[in-house]
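What the coordinates show
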Amino acid sequence: MSFGELFAAALGWLGDLIKWIISFVPRYAIVRANQKAVRYVLGRAPTEVRPGVSWYWPWSTSIVVHYSNRDVLQLESMPLETKDGVKGEVGMVVRYRIVDVLAYEVDNFEPQANMAEVAQAGLRDIITEHSWEDLTVLAKDGTRFEQKLSRRMQETLAQFGVKVEGVRPTSQVRLDRALRVFGLRQAISVFNSGSGISEQA
């Protein structure tokens, strides 16, 4: 081993030693009013950290912070088919905020990715369990479809410790040519004026 390699190894060892020593110096974490945090201490059960200043030992403790402000979960459009065989693609936007940070953080490795997967399943269930005529009836007052989506998403995503505040289809809506049978005006009425619709080629 050359002198340079020995010197580099010594520097690496010295750096690790410094990190180890620093880990015994108390640190503090500031949890703001619009944040929620979880404290992990060795093998103990995680606990929620309230807003304010929290001191901890880095060698045995870590604190993970999440914002509790309103957030948005964007679901890419996916192929769907109604109960009576009408095909298309629908995307969705879910507005939510974290209310139980332990359920959100501890039970999920990547909370947003897991939420997106479960939310897509909920959207698929709503579309596949209704006929096209059912969906047009839901849309007659302009908000029933969104209300149904919101209720289903709240039931579906409650396990993640979040409160769903609103749901709407996105502009990523593609309609199958078969919808010509029903008429494009009926197709547009299913989604509110904030949603765009484009026909598949």
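Residues numbered from 1 in each chain as written. Predicted model: local features only at pLDDT ≥ 70, side-chain atom pairs only at ≥ 80, totals over all residues. Heavy atoms only, no water.

Its identity as a non-glycine residue notwithstanding, leucine 42 has a phi of 45°, on the positive side. Relative to the helices and strands, leucine 42 resides in the loop between β2 (35-41) and β3 (47-49). (Helix = DSSP H or I, 4+ residues; strand = E, 2+ residues; numbered from the N terminus.)

A few words now on the packing of aromatic side chains. What the rule picks out here adds up to one aromatic pair. Taken together, a centroid distance of 5.3 Å and an interplanar angle of 55° make the contact between tyrosine 28 and tryptophan 55 tilted. Of the two residues, tyrosine 28 sits in strand β1 (residues 27-31) while tryptophan 55 sits in strand β4 (residues 52-56), which places them 27 residues apart along the sequence. (Phe/Tyr/Trp six-rings, centres within 6.5 Å; stacked < 30°, edge-to-face > 60°.)

This prediction gives the protein chain a mean pLDDT of 80; 81% of its residues lie at or above 70. This model gives residues 177-201 a pLDDT under 50, and the stretch forms 46 contacts once residues within four places in sequence are excluded. (pLDDT = per-residue confidence, 0-100. Contact = heavy atoms within 4.5 Å.)

The end-to-end C-alpha distance of helix α3 (residues 111-128), which contains 18 residues, comes to 26 Å, matching closely the 26 Å that a straight helix rising 1.5 Å per residue would cover. Those residues of α3 not exposed but buried are Pro111, Met115, Ala116, Ala119, Gly122, Leu123, Ile126 and Ile127. The buried residues of α3 occupy an angular sector of 130° when the element is viewed end-on, so they sit on one face. (Expected span 1.5 Å × (residues − 1). Buried < 20%, exposed > 50% of the residue type's maximum accessible area, 1.4 Å probe, protein only. Arc of directions from axis to C-beta.)

Residues Glu81, Asp84, Glu133 and Asp134 make up a contiguous surface patch of negative charge. Position of glutamate 133 relative to the elements: it lies in helix α4 (residues 132-138). Given a relative accessible area of 58%, glutamate 133 falls into the exposed group. (Patch = residues over 30% accessible without salt bridge, like charges linked within 9 Å, V, L, I, M, F, W, Y side chains within 5 Å. Areas by Shrake-Rupley, 256 points an atom, 1.4 Å probe, with all protein chains shown as cover. Salt bridge = Lys/Arg side-chain N within 4 Å of Asp/Glu carboxyl O. Lys, Arg positive; Asp, Glu negative; His and termini not counted. Charge placed at Lys NZ, Arg CZ, Asp CG, Glu CD.)

Moving on to the nonpolar core. Judged by nonpolar contacts, the single largest core of 29 residues is most densely connected at Leu73, Met92, Val94, Met115, Leu123, Leu157 and Val162. Counting residues per element, the ones that place at least two in this core are β6 (71-81), β7 (87-98), α2 (101-105), α3, α4, α5 (144-157) and β8 (162-169). No other element matches the six residues that α3 contributes to this core. When residues no more than four places from it in sequence are discounted, the contact partners of leucine 73 are Met92, Val93, Val94, Tyr96, Gln112, Met115, Ala116 and Ala119. Within the second largest apolar cluster, six residues are counted, among which are Ala29, Val31, Ala37 and Tyr56. (Core = buried A, V, L, I, M, F, W, Y, C linked by side-chain atoms within 4.5 Å.)

Turning our eyes to something else, we now look at the sheet that holds β3. A sheet is described by the order of its strands in space; here three strands give the open sequence β3-β2-β5, paired in antiparallel fashion. Each of the sheet's edge strands pairs with one partner strand only, and the pair in question is β3 and β5 (61-67). Each strand of the sheet is rotated relative to its neighbour by a mean of 30°, with strand direction disregarded. When β2 meets β3, the two strands line up antiparallel, connected through three bridges. The residue of β3 that forms the bridge with arginine 39 is threonine 47. (Pairing = 2+ DSSP bridges. Axes fitted to C-alpha atoms, helices over the stretch in contact; angles between N-to-C directions.)

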